[in-house]
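Letter by letter, the chains look like this.
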Amino acid sequence: MEKKQGGSLKRELKTNQLTMIAMGCAIGTGLFLGSGLAISTAGPSVLISYAIGAFIVLLLMGCLAEMTVAYPTSGSFGTIAEKYISPMAGFLVRYSYWIANVLAVGVEVSAIAVYMKYWFSTVPGVIWIVLFAAILIYVNITSVHTFASFEYWFSMIKISAIVLFVLLGAYVLLGSDTPSTGFSNYVNDGGFMPFGLWGLWVAVFISLFSFLGTEMIAVTAGEAKDPDVAVPKALKATVFRLSTFYVLTIGIMLLIVPWQSAGIEVSPFVKVMEILNIPGASGVMNFIILTAALSAMNSQLYASTRMIFALAQEKQAPSWFNQVNRKGVPSRAVAVSTLGVILAALVKVLSPDTSYAFMMGISMFGAIFTWFMIFVSHLYFRKNWGKKGGRQLPVRMIGFPYLTILGGLLLAALMISTWFTPSFKIVLQFGVPWLIFLCIVFKIMNWTKKSSPTDTKNKRVS
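This one's a predicted model, so the numbers in the text were calculated from it and none came from an experiment.

How each quantity is defined
- Residues numbered from 1 in each chain as written.
- Predicted model: local features only at pLDDT ≥ 70, side-chain atom pairs only at ≥ 80, totals over all residues.
- Heavy atoms only, no water.
- Helix = DSSP H or I, 4+ residues; strand = E, 2+ residues; numbered from the N terminus.
- Buried < 20%, exposed > 50% of the residue type's maximum accessible area, 1.4 Å probe, protein only.
- Contact = heavy atoms within 4.5 Å.
- Areas by Shrake-Rupley, 256 points an atom, 1.4 Å probe, with all protein chains shown as cover.
- Expected span 1.5 Å × (residues − 1).
- Patch = residues over 30% accessible without salt bridge, like charges linked within 9 Å, V, L, I, M, F, W, Y side chains within 5 Å.
- Salt bridge = Lys/Arg side-chain N within 4 Å of Asp/Glu carboxyl O.
- Core = buried A, V, L, I, M, F, W, Y, C linked by side-chain atoms within 4.5 Å.
- Phe/Tyr/Trp six-rings, centres within 6.5 Å; stacked < 30°, edge-to-face > 60°.
- Lys NZ or Arg CZ within 6 Å of the ring centre and 35° of its normal.
- Axes fitted to C-alpha atoms, helices over the stretch in contact; angles between N-to-C directions.
- Parallel < 35°, antiparallel > 145°, perpendicular 65-115°, else oblique.
- Left-handed = near helix turned anticlockwise from the far one by under 90°.
- Nonpolar A, V, L, I, M, F, W, Y, C, P; charged D, E, K, R; others polar.
- 1 Å grid on protein atoms, 1.4 Å probe; cavity = no way out; pocket = protein on both sides within 12 Å on 5 of 7 lines; lining within 4 Å.
- Points joined across faces, edges and corners; volume = space filled by probe spheres on them.
- pLDDT = per-residue confidence, 0-100.

1. Remarks on the overall build of the protein chain
Here's step 1: Counting secondary structure elements, the protein chain contains 18 helices and 2 strands.
Here's step 2: Relative to its full complement of 462 residues, the protein chain shows a buried share of 59%.
Here's step 3: Of the contacts formed within the protein chain by residues at least 6 apart in sequence, a portion of 83% connects residues at least 24 apart.
Here's step 4: Per element, the accessible surface of the protein chain, about 18800 Å² overall, is 69% carbon and sulfur.

So, in structure tokens, the structure goes:
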């Protein structure tokens, strides 16, 4: 297929597609499986944890809306960090976000292999990893329209399933006289906050994993039709829908299933279906969870692809990735972003007991670090926007600078808290060395550029 050097991405995405892409990335195993971990960490007070998480995301979306509408680009917050903070900041954000999504692709595709064993227990998991990875790679290299349509319907399945779950849960609560259901579950077995404020606080960090992916709208802004209108509408719709889905579904789940029964060995959603005693319900839920993993993997592959493409355009990655095919898709960037699939398989073989925690720990650091830098970028952005003669901002973050600073402080506090939580200590253990490594690489690259004058020309912001 013909390649175009230094090509540009096509603006084909609409508001509803932007919203579905972001929700598709956010509504993954974090809700269907991760909610069990959050519940077992905080008990019923997990509802407050998710509300705090939603509040942080709301602040983040406000900052992103302002910056993305004013400066829509495929590089998104990485380009903004470079332009308004420093080249090193942009470098750290882009590569941290890229590796977070690359590793997340590997985590999701590994989970897919586990889900398929429900129906095909004798088929080796590696076959499903290769098969589904090949399908989603094809979807991502065909065209952005094919990707968006694929993700739209994936997301529709998950959202429809959540709505159905809410309706069925309401039916159980209103039409059942079972003593184990009802508001008493909120205060039984240790009360509303059985693990105190610390459990509630740690669950906020887990809730953020469930919300990761909402920033996808900013990444897709470079391919959005009329970003001034589409991006703010998509951001608002995404935050509202996600907050409603998470808090409402978990609230209903806790009314039906006692919180001590909600673990990570079986999805709490499956346990609710078992209570409903519907024939084949567990198989249907397994299919929905499979769809959730496919959807999240699809969106994460898209995000990592666009980030490495932007890095190549900025000459911070090999120019080999700065090419698009005839349909305007950076197919070579797609190829390198599938490294997470290979890495997931290798880590699983070398360290089967800790592979999931290892990959998820690094992935979480990169994502939360990116969110933190978005708040920092917004402070610099607002300070310098007027000085550089920019147009009047179509969208403005409310409560600036106080709410921007609050969002950054909350994320920093959560990140520091992981060091004192054995289950999440791996986040900083691997995250800090990763940042040090990137800083060294950046310094070496700068030194190389200074010694090679031919590399200093034609630099532009994409």
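2. Quick look at helix 13 (residues 281-313)
Here's step 1: The end-to-end C-alpha distance of helix 13, which contains 33 residues, comes to 48 Å, matching closely the 48 Å that a straight helix rising 1.5 Å per residue would cover.
Here's step 2: In the stretch just after helix 13, Lys315 is the one whose phi turns positive, near 60°.

3. Describing a nonpolar patch on the surface
Here's step 1: Where nonpolar side chains cluster on the molecular surface, the patch consists of Tyr118, Trp119, Phe120, Ile157 and Phe287 and spans about 480 Å² of accessible area.
Here's step 2: Its place among the elements puts Tyr118 in the loop between helix 6 (87-116) and helix 7 (125-142).

4. A look at the nonpolar core
Here's step 1: Core analysis: the biggest nonpolar cluster contains 133 residues, and Val46, Tyr95, Ile308 and Trp371 have the highest contact counts within it.
Here's step 2: The dominant element in this core, judged by the number of residues it contributes, is helix 6, at 19 residues.
Here's step 3: Not counting residues up to four positions away in its chain, the partners in contact with Trp371 are Val57, Leu60, Leu208, Phe211, Leu212, Thr214, Glu215 and Leu411.

5. Notes on the packing of aromatic side chains
Here's step 1: Applying the stated rule across the entire model yields 15 aromatic pairs.
Here's step 2: The interplanar angle of 40° and the centroid separation of 5.8 Å between the aromatic rings of Tyr50 and Tyr246 together place this pair among those described as tilted. Here Tyr50, found in helix 4 (residues 46-70), pairs with Tyr246, found in helix 11 (residues 227-256); they are 196 residues apart in sequence, far enough to count as distant.
Here's step 3: The structure contains a cluster of three or more aromatic residues connected by ring pairs, namely Phe91, Tyr95, Trp98 and Phe442.
Here's step 4: Here Arg382 stacks its cationic end above the ring of Phe400, 4.3 Å away from the centre of that ring.
Here's step 5: Just above the ring of Trp419 sits the side chain of Lys425; from NZ or CZ to the centre is 4.5 Å.

6. A word on the packing of helix 5 (residues 76-84) against helix 6
Here's step 1: With their axes 6 Å apart at the nearest point, helix 5 and helix 6 run at an angle of 165° to one another. Judged on the interaxial angle alone, helix 6 and helix 5 are roughly antiparallel. Crossing angle aside, the handedness with which helix 5 passes helix 6 is right-handed. Two secondary-structure elements touch here, helix 5 through Phe77, Gly78, Thr79, Ala81 and Glu82 and helix 6 through Pro87, Ala89, Gly90, Val93, Arg94 and Tyr97.
Here's step 2: Residue composition of the contact of helix 5 with helix 6, grouped by class: 6 nonpolar, 3 polar and 2 charged.

7. Things to note about the packing of helix 6 against helix 13
Packed helices, taken two at a time, are described by their axes: the angle between them and the distance between them.
Here's step 1: Relative orientation of the contacting elements helix 6 and helix 13 amounts to 155°, with a least axis distance of 8 Å. Regarding the angle of helix 6 to helix 13, the classification is roughly antiparallel. The crossing of helix 6 and helix 13 is left-handed.

8. A few points about the pattern of salt bridges
Here's step 1: Under the counting rule described, the total for this entry stands at 2 salt bridges.
Here's step 2: Of the charged contacts in the structure, one is a salt bridge between Arg382 and Glu66, with a shortest N-O distance of 2.6 Å. Here Glu66 lies in helix 4 and Arg382 lies in helix 16 (residues 355-385), a separation of 316 residues in the sequence.
Here's step 3: What makes Arg382 buried here is its relative accessible area of 16%.

9. Remarks on helix 5
Here's step 1: Burial of helix 5 is extensive: 8 of the 9 residues sit out of reach of the surface.
Here's step 2: Along helix 5, the residues that are buried comprise Ser76, Phe77, Gly78, Thr79, Ile80, Ala81, Glu82 and Tyr84.

10. Side note on the environment of Trp201
Here's step 1: Summarising the element assignment, Trp201 is placed in helix 9 (residues 196-211).
Here's step 2: With residues up to four places along the chain from it excluded, the contact list for Trp201 reads Leu410, Ala413, Leu414 and Ser417.

11. A look at the layout of surface pockets
Here's step 1: A volume near 240 Å³ is recorded for the second largest pocket.
Here's step 2: If you trace the second largest pocket, you find 14 residues lining it, with Leu58, Met61, Gly62, Met397 and Ile398 closest to the centre.
Here's step 3: Of all the elements in the fold, those that place two or more residues in the lining of the second largest pocket are helix 4 and helix 11.
Here's step 4: Among the elements that take part in the lining of the second largest pocket, helix 4 stands out by supplying 6 residues, more than any other.
Here's step 5: When grouped by side-chain class, the residues that make up the lining of the second largest pocket number 11 nonpolar, 1 polar and 2 charged.

12. Side note on the environment of Leu235
Here's step 1: Within the secondary structure, Leu235 is located in helix 11.
Here's step 2: Under the relative-accessibility criterion, Leu235 is labelled buried at 4%.
Here's step 3: Each C-alpha atom of the pair Leu235 and Gly62 lies 8.1 Å from the other, and the pair is 173 residues apart in sequence.

13. A look at the confidence of the model for the protein chain
Here's step 1: With 78% of its residues at a pLDDT of 70 or more, the protein chain has an overall mean of 78.
Here's step 2: Here strand 1 (residues 3-5) stands out as the least confident element of the protein chain, with mean pLDDT 45; helix 17 (residues 402-417) is the most confident, with 95.
Here's step 3: Contacts from residues 455-462, a stretch scored under 50 in pLDDT, to residues over four places away or in other chains number 18 contacts.

14. Section: unusual backbone geometry
Here's step 1: In this model, Phe400 is joined to Pro401 through a cis peptide bond whose omega is 5°.
Here's step 2: Take Pro401: it is sitting in the loop between helix 16 and helix 17.

15. A word on empty space enclosed by the protein
Summary: where empty space remains is shown by rolling a probe the size of a single water molecule over the atoms.
Here's step 1: Applying the stated criterion across every chain yields a total of 2 cavities of 30 Å³ or more.
Here's step 2: Looking at the second largest cavity, its volume works out to about 50 Å³.
Here's step 3: Trp201, Val202, Phe205, Leu414, Ser417, Thr418, Thr421 and Phe424 are the residues that line the second largest cavity.
Here's step 4: Secondary structure elements with two or more residues in the lining of the second largest cavity: helix 9 and helix 17.
Here's step 5: Counting residues per element, the lining of the second largest cavity draws most heavily on helix 9, at 3 residues.

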